[in-house]
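# Structure at a glance
Given next are the chains, with one letter for each unit.
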Amino acid sequence: MKKALLAGLAAIIVSTPLTAATAFTDANDAVKYRQSAFQLIRHNMGDINEMIKGEVVFDAARVQKRADALVMVTTLPWEAFQVAGTEQGGGDAKADIWTNLDDFLQRGEKLAADASALQVAARTGDKNELRQAFGNFARNCKACHDNYKQ
């Protein structure tokens, strides 16, 4: 009984990397995934931006919801740039991404860290603190676009 249990556990452990490696069916799937992730970032970011600018009524609970979402979605797109063939895929991605992949991925990590700081600022309810954290997040986002998006 113990041997069967250990063998089953070993099979799961050994097959886990294979499962993770097949998260995308092909390069086109990875491109669609990363584009969808960026759309989620854009949507949540845009909503916060409109509230900060006063274009829509400020709703602290909604800001918190959007900041919470950004913490998660800013971690999503980066692995999809590392799938073989994605450099050939569509979208607005510049070829510089793949020649400077380490820098690009570090910027992604910074964006996720900025999202966490935005989340903390949202929890305070202080609009000035939120505005500053959002500005840092947005500047990092723009800097990456300037270098890596057509």
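Described below are features of the structure shown in this document. Worth saying up front: this structure is predicted, and the values here are computed from it rather than measured.

## A short note on helix α6 (residues 127-148)
Between the first and last C-alpha of α6 there are 31 Å, a value that for 22 residues agrees with the 32 Å anticipated at 1.5 Å per step. Taken residue by residue, α6 has L130, A133, F134, G135, F137, N140, C141, C144 and Y148 as its buried positions. Next to the buried residues of α6 lie α2 (27-53), α3 (60-73), α4 (96-99) and α5 (101-124). Its side-chain oxygen 2.8 Å from the backbone nitrogen of N128, D126 forms the N-cap of α6.

## Examining the packing of aromatic side chains
Aromatic rings in a pair are described by how distant their centres are and how their planes are angled relative to each other. One pass over the structure, following the stated rule, counts 8 aromatic pairs. Both rings, one in W78 and one in F104, keep their centres 5.3 Å apart while their planes meet at 70°; by these two values the pair is edge-to-face. Of this pair, W78 sits in the loop between α3 and α4 while F104 is found in helix α5, placing the two residues 26 residues apart along the sequence. Both residues of the pair, W78 and F104, count as buried. Taken together, a centroid distance of 5.9 Å and an interplanar angle of 45° make the contact between F81 and W98 tilted. In this pair, F81 is assigned in the loop between α3 and α4 and W98 in helix α4, connecting sequence segments 17 residues apart. On the accessibility criterion, F81 (4% relative accessible area) is buried. Taken together, the ring pairs connect F38, W78, F81, W98, F104 and Y148 into an aromatic cluster.

## Focus on the packing of α2 against α3
Between α2 and α3, the shortest axis-to-axis distance is 9 Å and the interhelical angle comes to 150°. In terms of orientation, α2 and α3 fall into the roughly antiparallel class. Note on packing geometry: the crossing formed by α2 with α3 is left-handed. Where α2 approaches α3, its residues L40, I41, H43, N44, M45, D47, I48 and M51 are matched on the opposing element by R62, V63, R66, A67, A69, L70 and V73.

Criteria and thresholds
- Residues numbered from 1 in each chain as written.
- Predicted model: local features only at pLDDT ≥ 70, side-chain atom pairs only at ≥ 80, totals over all residues.
- Heavy atoms only, no water.
- Helix = DSSP H or I, 4+ residues; strand = E, 2+ residues; numbered from the N terminus.
- Expected span 1.5 Å × (residues − 1).
- Buried < 20%, exposed > 50% of the residue type's maximum accessible area, 1.4 Å probe, protein only.
- Contact = heavy atoms within 4.5 Å.
- Polar contact = N/O pair within 3.5 Å; in protein donor to acceptor, adjacent residues only side chain to side chain.
- Phe/Tyr/Trp six-rings, centres within 6.5 Å; stacked < 30°, edge-to-face > 60°.
- Axes fitted to C-alpha atoms, helices over the stretch in contact; angles between N-to-C directions.
- Parallel < 35°, antiparallel > 145°, perpendicular 65-115°, else oblique.
- Left-handed = near helix turned anticlockwise from the far one by under 90°.

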